[in-house]
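Geometric and topological summary
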Amino acid sequence: MAIIKLTQINKVYQTKEIETTALENVNIEVERGEFLSIMGPSGCGKSTLLNIIGLIDKPTDGKVELLGEELVGKSDTELSHFRNANIGFVFQSFHLIPSLDVAANVEMPLIYRSGMSARARRERVEAVLERLNMTHRLHHLPSQLSGGQCQRVAIARAIVGSPSIILADEPTGNLDSRMGAEVMGLLHQLNKEDGSTIVMVTHNEAQARETDRIIRFFDGRVIS
């Protein structure tokens, strides 16, 4: 079953003086449990596509179906609830909150889930950090961590809510080769052991070849 289905997606950014087409007639299906890479030169629409899948941005036209549900036309509140329950994000620059310790950063997606006690949230956080070998950094701030450790925390935050879909935007872009390999190992583990569906934007050809399938973009269009 296609867990992600994009049909004739177009995205146009318009100002008073210029119209820019970021995505043009994009059709993509991603099966449940697939690890998909998206590649292409800078500015070709990869991150825009990821933001549309992640319900952060909306297409100018076209259909976005996730988990069999049509999401174009939903209210911002409905999209926010769906995103929080079903999608985890991993970014190149980590996007951790500097003033919060590791535990509080990882807990953030759970705070917006109704009916979950503070104790249950903390137990979930500790279990995820133990899985990623980060319990010894529970009360450290992001500034006290290495780049690889920050990305481990970001992955913990992405998976703490048990999402069906993980979206990773250049997850190894700010890491050296050793740390990058560790992060890729974690993503493969989540894909194989948990069955997580992962869509990863990357410039790294070697890492892309480790995934199930590569979609290549150029000027907002799928070319292969």
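First, a word on scope: everything that follows refers to the structure included in this document.

With mixed pairing, the six strands of this open sheet are ordered in space as β6-β7-β8-β3-β9-β10. Among the strands making up the open sheet, the edge pair consists of β6 (87-91) and β10 (221-222). For strand β7 (residues 165-169) and strand β8 (residues 197-201), the ladder comprises five bridges, and the chain directions are parallel. Each residue of the ladder has a partner; that of Leu167, found in β8, is Val199. Along the sheet, helix α2 (residues 76-86) contacts β6 and β7; its crossing angle with β6, the most-contacted strand, is approximately 75 degrees. Strand contacts of helix α5 (residues 147-159): β6 and β7, with the helix running at about 165 degrees to β6, the strand carrying the most contacts.

Right, let's talk about the pattern of salt bridges for a bit. Should their charged atoms come close, side chains of opposite charge can pair. Within this structure, the stated rule accounts for 16 salt bridges. Of the charged contacts in the structure, one is a salt bridge between Glu69 and Lys74, with a shortest N-O distance of 3.4 Å. Given the relative accessible area of 27%, Lys74 is considered partly exposed. A salt bridge links Glu205 to Arg209, with the shortest nitrogen-to-oxygen separation between them at 4.0 Å. One end of the pair is Glu205 and the other is Arg209, both in helix α7 (residues 205-209) and four residues apart, which spans about a single turn. In this structure, a network of salt bridges that share partners links the residues Glu107, Arg121 and Arg122.

Moving on: helix α4 (residues 118-131). Helix length check: α4 (14 residues) gives 20 Å between terminal C-alpha atoms against 20 Å at 1.5 Å per residue, within 8%. Along α4, the residues classified as buried are Arg121, Val125, Val128 and Leu129. Looking straight down α4, one finds its buried side chains confined to an arc of 95 degrees; they lie on one side. Those residues of α4 that are exposed and aimed more than 90 degrees away from the buried face are Arg119 and Glu130.

Contact pair helix α3 (residues 102-111) / α4: the axes reach a minimum separation of 9 Å and the direction vectors enclose 120 degrees. Classed by the angle they form, the pair α3 and α4 counts as oblique. The hand of the α3/α4 crossing is right-handed. Side by side, α3 and α4 meet where Val102, Ala103, Val106, Glu107, Leu110 and Ile111 of the first sit next to Arg121, Arg122, Arg124, Val125 and Leu129 of the second. When its residues are assigned to classes, the contact of α3 with α4 shows seven nonpolar, no polar and four charged.

In terms of burial, strand β3 (residues 35-39) is a largely internal element, five of the five residues being buried. Residues Phe35, Ser37 and Met39 line one face of β3 and the alternating positions Leu36 and Ile38 line the opposite face, and both faces are buried. With four bridges joining them, β3 and β8 adopt parallel strand pairing. The residue bridging Ile38 from the neighbouring strand is Val201, located in β8.

The rules behind each value
- Residues numbered from 1 in each chain as written.
- Predicted model: local features only at pLDDT ≥ 70, side-chain atom pairs only at ≥ 80, totals over all residues.
- Heavy atoms only, no water.
- Pairing = 2+ DSSP bridges.
- Helix = DSSP H or I, 4+ residues; strand = E, 2+ residues; numbered from the N terminus.
- Contact = heavy atoms within 4.5 Å.
- Axes fitted to C-alpha atoms, helices over the stretch in contact; angles between N-to-C directions.
- Salt bridge = Lys/Arg side-chain N within 4 Å of Asp/Glu carboxyl O.
- Buried < 20%, exposed > 50% of the residue type's maximum accessible area, 1.4 Å probe, protein only.
- Expected span 1.5 Å × (residues − 1).
- Arc of directions from axis to C-beta.
- Parallel < 35°, antiparallel > 145°, perpendicular 65-115°, else oblique.
- Left-handed = near helix turned anticlockwise from the far one by under 90°.
- Nonpolar A, V, L, I, M, F, W, Y, C, P; charged D, E, K, R; others polar.

Note that all results are geometric; they support no functional claim without further evidence.
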